[in-house]
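Each chain is listed here by its residues.
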Amino acid sequence: SKPGWPDLPGRHAENFQRAEAVTLPPGKTIYRIIDSDANPAGSYWAHEIPASREAWRRDYAVKNNWNTNGMYVEYTVPEGPGLKAWQGEAAAQELEGSGYHLPGGGQQIWVPPNSIDPSVPKATRW
């Protein structure tokens, strides 16, 4: 934790190689990949939309049973003091029973769930 920032729970901190407290400036747009069951205002965001489904799963270490994708939402930080968040490289995730890991390494952003109001979902086209 860091004074003035939302607490990053341990179960989420382990999804980072390292996480640092950051303030995203007004006007910055972030993106969240979702499926029909995901909370559009969930916790994990990115600075850009990944180029492909494969890149998203690999770089952000997203397991199939966590999110089947197909849509994304956007959030643009409004005027004011900025958005306090946690940011860092995604940690690798083991695919149970396969001996394979999704490597991670993509820069992900974490905010408390339901703390921001995203756009309506749009198709990823991948």
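Nothing here was measured: the structure is a model prediction, and the numbers come from that model.

Turning our eyes to something else, we now look at the nonpolar core. Membership of the largest hydrophobic core comes to 14 residues, with the highest contact counts inside it found for Ile-30, Trp-45 and Leu-83. The residues contacting Leu-83, other than those within four sequence positions of it, are Val-22, Thr-23, Leu-24, Ile-30, Tyr-75, Val-77, Val-111 and Ile-116. If you look at the next biggest cluster of nonpolar residues, it comprises eight residues, including Tyr-31, Ala-46, Tyr-72 and Trp-126.

Attention now goes to the packing of aromatic side chains. This model, assessed by the stated rule, comprises two aromatic pairs. With a centroid separation of 6.0 Å and 45° between ring planes, the pair formed by Trp-56 and Trp-126 is classed as tilted. You can see Trp-56 sitting in helix 2 (residues 53-60) and its partner Trp-126 sitting in the segment after strand 9 (122-123), a full 70 residues away along the chain. Exposure class is identical for Trp-56 and Trp-126. Each is buried. One Lys or Arg, Lys-84, reaches over the ring of Trp-5 and ends 3.9 Å from the middle of that ring.

So, about helix 2. All of the buried residues in helix 2 are Ala-55, Trp-56, Arg-57 and Tyr-60. Where helix 2 is buried, its residues touch strand 2 (29-34), strand 3 (44-46), strand 7 (100-102) and strand 8 (107-110). Of the residues one or two after helix 2, Ala-61 is the one with positive phi, at around 50°.

Before going further, it helps to spend a moment on unusual backbone geometry. Even without being a glycine, Ala-61 presents a positive backbone phi close to 50°. With respect to the helices and strands, the residue Ala-61 is situated in the loop between helix 2 and strand 4 (71-76). Positioned with a positive phi, Asn-69 is a non-glycine residue whose angle comes to about 65°. The residue Asn-69 is located in the loop between helix 2 and strand 4 in this model. Using a relative accessible area of 9% as the deciding quantity, one classes Asn-69 as buried.

What counts, and where the lines are drawn
Residues numbered from 1 in each chain as written. Predicted model: local features only at pLDDT ≥ 70, side-chain atom pairs only at ≥ 80, totals over all residues. Heavy atoms only, no water. Core = buried A, V, L, I, M, F, W, Y, C linked by side-chain atoms within 4.5 Å. Buried < 20%, exposed > 50% of the residue type's maximum accessible area, 1.4 Å probe, protein only. Contact = heavy atoms within 4.5 Å. Phe/Tyr/Trp six-rings, centres within 6.5 Å; stacked < 30°, edge-to-face > 60°. Helix = DSSP H or I, 4+ residues; strand = E, 2+ residues; numbered from the N terminus. Lys NZ or Arg CZ within 6 Å of the ring centre and 35° of its normal.

Note that every value here comes from positions in space, so none of it alone points to a role or purpose.
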